[in-house]
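In case you want the letters, here they are:
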Amino acid sequence: MYDGIVQELIDEFGRLPGIGPKSAQRITFHILQTPTFDVARLAELLSEIRTRVRFCEICGNVAEQERCAICRDPRRSQTLICVVEDAKDVAAIERTREFRGLYHVLGGAISPIAGVGPDDLRIAQLMTRLADGTVQEVILATNPNLEGEATASYLSRLLTTMQITVSRLASGLPVGGDLEYADEVTLGRAFEGRRIL
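Cut-offs applied
- Residues numbered from 1 in each chain as written.
- Predicted model: local features only at pLDDT ≥ 70, side-chain atom pairs only at ≥ 80, totals over all residues.
- Heavy atoms only, no water.
- 1 Å grid on protein atoms, 1.4 Å probe; cavity = no way out; pocket = protein on both sides within 12 Å on 5 of 7 lines; lining within 4 Å.
- Points joined across faces, edges and corners; volume = space filled by probe spheres on them.
- Helix = DSSP H or I, 4+ residues; strand = E, 2+ residues; numbered from the N terminus.
- Nonpolar A, V, L, I, M, F, W, Y, C, P; charged D, E, K, R; others polar.
- Buried < 20%, exposed > 50% of the residue type's maximum accessible area, 1.4 Å probe, protein only.
- Contact = heavy atoms within 4.5 Å.
- Polar contact = N/O pair within 3.5 Å; in protein donor to acceptor, adjacent residues only side chain to side chain.
- Axes fitted to C-alpha atoms, helices over the stretch in contact; angles between N-to-C directions.
- Left-handed = near helix turned anticlockwise from the far one by under 90°.
- Core = buried A, V, L, I, M, F, W, Y, C linked by side-chain atoms within 4.5 Å.
- Pairing = 2+ DSSP bridges.
- Patch = residues over 30% accessible without salt bridge, like charges linked within 9 Å, V, L, I, M, F, W, Y side chains within 5 Å.
- Areas by Shrake-Rupley, 256 points an atom, 1.4 Å probe, with all protein chains shown as cover.
- Salt bridge = Lys/Arg side-chain N within 4 Å of Asp/Glu carboxyl O.
- Arc of directions from axis to C-beta.

(A) Region of the structure containing the layout of surface pockets. Reported here for the largest pocket is a volume of approximately 270 Å³. In this structure, the largest pocket is lined by 15 residues; those nearest its centre are Thr-142, Pro-144, Leu-169, Ala-170 and Ser-171. Mapped onto the lining of the largest pocket, the elements with two or more residues apiece are α5 (87–96) and α8 (184–192). Looking at which element gives the most residues to the lining of the largest pocket, the answer is α5, with three residues. The class makeup of the residues in the lining of the largest pocket is six nonpolar, four polar and five charged.

Here it is as structure tokens:
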């Protein structure tokens, strides 16, 4: 729709996940129309991210050192591990300020349709971390979808042979939601996870 480089930039932004054609166009025109926008800094960060950022050797979270800040923090409980699918899930849980243990990032979820099996995830590394007996509880915080449930079920069966408590994050109705809009599965989970007041 636009000439040359403008359209090329819109197309590049449009390749990013969650950014459609309209958002890509808005970002491009924001850069063009905002004289104070630091294009050089953005280009520098995009260039550096590949060389400076790695995955933590212990948990698999993003880090600039061999170990992430959470794994290096001596105040975190060594007896509690929360298993998540992706590094962005760590950030979501950390925002709650409710969890003070460690994490383990699987790097995805079991999905036979997508060709992702248990061997494609960081499950072997999790089992290695659990082998010394320090961890007392593993919280399975995979996504509440088909793949996340399959992954949680697989891990739960795998961990029953160990003397470790295995728990799953509760799921159900979102705060501020209306019952009439909840699907049957969500409403069913809300009944299963109900608690005494």
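Having put the structure on the table, let's press on.
(B) Region of the structure containing the environment of Arg-76. Structurally, the position occupied by Arg-76 is in the loop between α4 (69–72) and β3 (80–84). Residue classification places Arg-76 among the buried positions, given a relative accessible area of 4%. Each C-alpha atom of the pair Arg-76 and Arg-41 lies 34 Å from the other, and the pair is 35 residues apart in sequence. Not counting the four nearest positions on each side in its chain, Arg-76 is found in contact with Ile-70, Glu-94, Phe-99, Arg-100, Gly-101, Leu-102 and Tyr-103. Side chain to side chain, Arg-76 and Glu-94 meet in a polar contact 2.8 Å long.

(C) Representation of the packing of helix α6 (residues 123–130) against helix α7 (residues 146–159). Between α6 and α7, whose axes approach to 12 Å, the crossing angle comes to 35°. With respect to the hand of their crossing, α6 and α7 are arranged in right-handed fashion. Taken together, the residues of α7 that come into contact with α6 (itself represented by Ile-123, Leu-126, Met-127 and Leu-130) are Tyr-154, Leu-155, Leu-158 and Leu-159. By residue class, the composition of the contact of α6 with α7 is eight nonpolar, no polar and no charged.

(D) Just the nonpolar core, in detail. Ranked by internal contacts, the top residues of the largest apolar core, which has 32 residues, are Cys-82, Val-83, Val-84, Tyr-103, Leu-130 and Val-138. Looking at this core, the elements with two or more residues in it are α4, β3, α5, β4 (102–105), α6, β5 (137–140) and α7. Here this core gets five residues from one element, more than from any other, and that element is β3. With residues up to four places along the chain from it excluded, the contact list for Tyr-103 reads Cys-59, Ile-70, Arg-76, Ile-81, Cys-82, Val-84, Val-90, Ile-93, Glu-94 and Arg-129.

(E) Representation of the sheet that holds β5 within the structure. As summarised here, the arrangement of the four strands in space is β4-β3-β5-β6, forming an open sheet in which the pairing is parallel. The sheet terminates laterally at β4 and β6 (165–168), the two strands that pair on one side only. In this sheet, neighbouring strand axes are inclined to one another by 25° on average, regardless of whether the strands run parallel or antiparallel. Bridge count between β5 and β6: four bridges; the pairing is parallel. When the bridges of β6 are listed, Leu-140 appears paired with Arg-168.

(F) Quick peek at a nonpolar patch on the surface. Together, Ile-49, Val-53, Phe-55 and Val-62 line one region of the surface with nonpolar side chains, adding up to about 370 Å² of accessible area. Structurally, Phe-55 can be placed in strand β1 (residues 54–55).

(G) Just helix α1 (residues 4–14), in detail. For α1, the complete set of buried residues consists of Gln-7, Ile-10 and Phe-13. Looking straight down α1, one finds that the buried residues subtend no more than 125° of arc, so they occupy a single side. Turned more than 90 degrees from where α1 packs its buried face, Ile-5 and Glu-8 sit exposed. In the core, the buried residues of α1 are packed alongside α2 (21–33).

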